Amino acid sequence: MARGSKQKMNKPDQDRTEEIIRTLSDLILTSIQRLSDEDLEDVDPMKLMKQASDLIRLTAYKKSVDIKNKKLSEVGFGAVKDKVFEALARQYPELYEKLAAAIDELSEEEENYNGGEE
């Protein structure tokens with residue numbers, strides 16, 4: 001494995017699965033590029049296409065799972081946030097109003113900074 005690949009995989013904030021898939025893809029492509037004309041004649045193109053298809057399918061499945069997990073996390077966070085704000089409004093109305101005003105102000109600043117795009 002190339003040194004750059006190992007260095008990429010040592011970053012703690014990266015998804016290991018994506019790095020493994022990327023590394024395998026790189027290794028497969030490098031192996032194919034190194035094949036001589038005689039070796040290529042012995043390669044079953046249908047088997048090669050199936051393996052490439054399996055790798056693509058795996059990548060698509062992983063992305064789908066990541067999207068579903070992100071949506072579940074956002075829904076869960078939204079529910080917790082709603083409960084916290086309801087309790088805050090009920091028990092500490094002054095603090096709730098200050099917090100709501102600060103959030104509105106930050107949201108407006110964010111919109112102005114992004115040019116109104118979301």
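Residues numbered from 1 in each chain as written. Predicted model: local features only at pLDDT ≥ 70, side-chain atom pairs only at ≥ 80, totals over all residues. Heavy atoms only, no water.

### Digging into helix α4 (residues 45–91)
Rules: To qualify as a helix, a DSSP run of H or I must reach at least 4 residues; to qualify as a strand, a run of E must reach at least 2; elements of each kind are numbered from the N terminus. By definition here, a helix of n residues has an expected span of 1.5 Å times n minus one. Working definition: with a 1.4 Å probe on protein chains only, accessible area under 20% of the residue-type maximum means buried, over 50% means exposed, and in between means partly exposed. Between two residues, a contact is recorded if the distance between any of their heavy atoms is within 4.5 Å. Whenever two N or O atoms come within 3.5 Å, that pair is a polar contact, provided that in protein one can donate a hydrogen and the other can accept it, and provided that, for residues adjacent in sequence, both atoms are side-chain atoms.
The end-to-end C-alpha distance of α4, which contains 47 residues, comes to 69 Å, matching closely the 69 Å that a straight helix rising 1.5 Å per residue would cover. Turning to α4, its buried residues are Leu55, Lys62, Gly78 and Leu88. Buried residues along α4 sit against α2 (16–34) and α5 (93–113). Two or three places before Met46, at the start of α4, stands the capping residue Asp44, its side-chain oxygen 3.1 Å from that residue's backbone nitrogen.

### Considerations on the packing of α2 against α4
Which entries qualify depends on this criterion: Interaxial angle, 0 to 180 degrees, is taken between N-to-C directions of lines fitted to C-alpha atoms, where a helix line uses only the stretch in contact. Comment on the angle field: the value is read as roughly parallel under 35 degrees, roughly antiparallel over 145, roughly perpendicular from 65 to 115, and oblique elsewhere. Here is the rule for handedness: rotate from the far helix to the near one, and if that takes an anticlockwise turn smaller than a right angle the crossing is left-handed, while a clockwise turn gives right-handed. Any residue that is not Ala, Val, Leu, Ile, Met, Phe, Trp, Tyr, Cys, Pro, Asp, Glu, Lys or Arg is counted as polar, Gly included; the first ten are nonpolar and the last four charged.
Remark: α2 packs on α4, axes separated minimally by 11 Å, with the N-to-C direction vectors making an angle of 165 degrees. Taken together, the axis directions place α2 and α4 in an arrangement best described as roughly antiparallel. Here α2 and α4 pass one another in a crossing that is left-handed. Packed against α2, whose contacting residues are Thr17, Glu18, Ile21, Ser25, Ile28 and Ile32, the element α4 presents Leu48, Leu55, Leu58, Thr59, Lys62 and Asp66 at the interface. The residue inventory of the contact of α2 with α4, partitioned by class, reads six nonpolar, three polar and three charged.

### Looking at the pattern of salt bridges
Just so we agree on the cut-off: Between Lys or Arg on one side and Asp or Glu on the other, a salt bridge is scored when a side-chain nitrogen of the former is within 4 Å of a carboxyl oxygen of the latter.
Per the stated rule, a full pass over the model turns up five salt bridges. Here Asp54 and Lys50 are joined by a salt bridge, their closest N and O atoms 2.8 Å apart. With Asp54 and Lys50 both in helix α4 and four residues apart, this pair spans about one turn of that helix. With relative accessibility at 30%, the residue Asp54 sits in the partly exposed group. Between Asp66 and Lys62 there is a salt bridge, and its shortest N-O distance comes to 2.4 Å.

### Things to note about a negative patch on the surface
We apply this condition: In this scheme, patches are assembled from residues that exceed 30% relative accessible area and form no salt bridge. Like charges are connected within 9 Å, while nonpolar side chains (Val, Leu, Ile, Met, Phe, Trp, Tyr) are connected within 5 Å. Methods summary: accessible areas were calculated by the Shrake-Rupley approach with a probe of 1.4 Å, and residue burial reflects only the protein chains presented. A residue counts as positive if it is Lys or Arg and as negative if it is Asp or Glu; His and the chain ends are not included. Charged side chains are reduced to one point each, which is NZ for Lys, CZ for Arg, CG for Asp and CD for Glu.
The grouping of Asp104, Glu105, Glu108, Glu109, Glu110 and Glu111 at the surface amounts to a negative patch. Locating Glu105 in the fold gives a position in helix α5. Exposure remark for Glu105: the relative accessible area of 49% places this residue in the partly exposed category.

Don't take any of this as a statement about function, it's just geometry.
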